[in-house]
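Fold and contact review
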Amino acid sequence: MHDTAALILEAVMNSIEAGASSISVRIAVENGSVSVITEDDGNAPMSSDPFREGSSTKGEGRGRGLSIIKEKTDGRCRLTRGEKKTVLCFTAEDDGSMDDLFSALLPLFNLNKAMTVSIKRSSGEIVVSHAELEKRGAVPVSAQGIKAFRTFVNGLEKGENYG
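Note that this is a predicted model, so its numbers are computed, not measured. (Residues numbered from 1 in each chain as written. Predicted model: local features only at pLDDT ≥ 70, side-chain atom pairs only at ≥ 80, totals over all residues. Heavy atoms only, no water.)

1. Description of the packing of aromatic side chains
For the structure shown, the criterion picks out two aromatic pairs. Summarising the aromatic geometry, the rings of Phe102 and Phe149 are spaced 5.8 Å apart at their centres and angled 50° between planes, so their arrangement reads as tilted. Linking Phe102 in helix 3 (residues 101–105) with Phe149 in helix 5 (residues 143–157), this pair joins segments that are 47 residues apart in sequence. Judged by its relative accessible area of 0%, Phe149 falls in the buried class. The interplanar angle of 50° and the centroid separation of 6.0 Å between the aromatic rings of Phe109 and Phe149 together place this pair among those described as tilted. Linking Phe109 in the loop between helix 3 and strand 5 (115–121) with Phe149 in helix 5, this pair joins segments that are 40 residues apart in sequence. We note that Phe109, like Phe149, is buried. (Phe/Tyr/Trp six-rings, centres within 6.5 Å; stacked < 30°, edge-to-face > 60°. Helix = DSSP H or I, 4+ residues; strand = E, 2+ residues; numbered from the N terminus. Buried < 20%, exposed > 50% of the residue type's maximum accessible area, 1.4 Å probe, protein only.)

2. Side note on the pairing of strand 5
For strand 5, the tally of buried residues reaches five of seven residues, placing the bulk of the element in the interior. Bridging between strand 1 (residues 23–30) and strand 5 involves six bridges; their strand directions are parallel. By the bridge assignment for strand 5, Arg26 is matched with Ser118. Sheet topology places strand 5 next to strand 6 (residues 124–129); six bridges connect them, and they run antiparallel. Note on strand 6: the bridge partner recorded for Ser118 is Val127. (Pairing = 2+ DSSP bridges.)

3. Let's talk about unusual backbone geometry
The backbone phi angle of Asn31 is positive, close to 50°, even though this residue is not glycine. Inspection of the secondary structure assignment puts Asn31 in the loop between strand 1 and strand 2 (33–40). Unlike most non-glycine residues, Asp74 shows phi in positive territory, near 55°. Along the chain, Asp74 falls in the loop between helix 2 (65–72) and strand 3 (77–82).

Written as structure tokens, this is what we have:
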């Protein structure tokens, strides 16, 4: 089973595998659904149907990530490539996996040093960047970093100002 947080992780992994050095994730949780937009600077060739299972330019046995996203979102997804930018958009049911931001965000921030995640919910918008985590000693690569990351995310959820 894939929850929405896992689909976001699939999208980010796809960006990394496409050679992205910078990834931005925007998440909006409202009215029972989660809308996700990932934007990256990856430049791997794109197949004619990137959502077809097994469709991959990365080698044999690859090409599951985007097909999983298509399947789990009932086809509510699209992938576009512009000049120096690839954008993946999808919408999934709000399964509650974004309610615990610490657990939802933790796997993302060890993947890419130029990661920025923006989460918009009814309570407001939260923005977390890898650069901000580095400044606060909260990159979750050690027990101490994970503890600081949890404190940082919990503070953001409570509306504490980290400016």
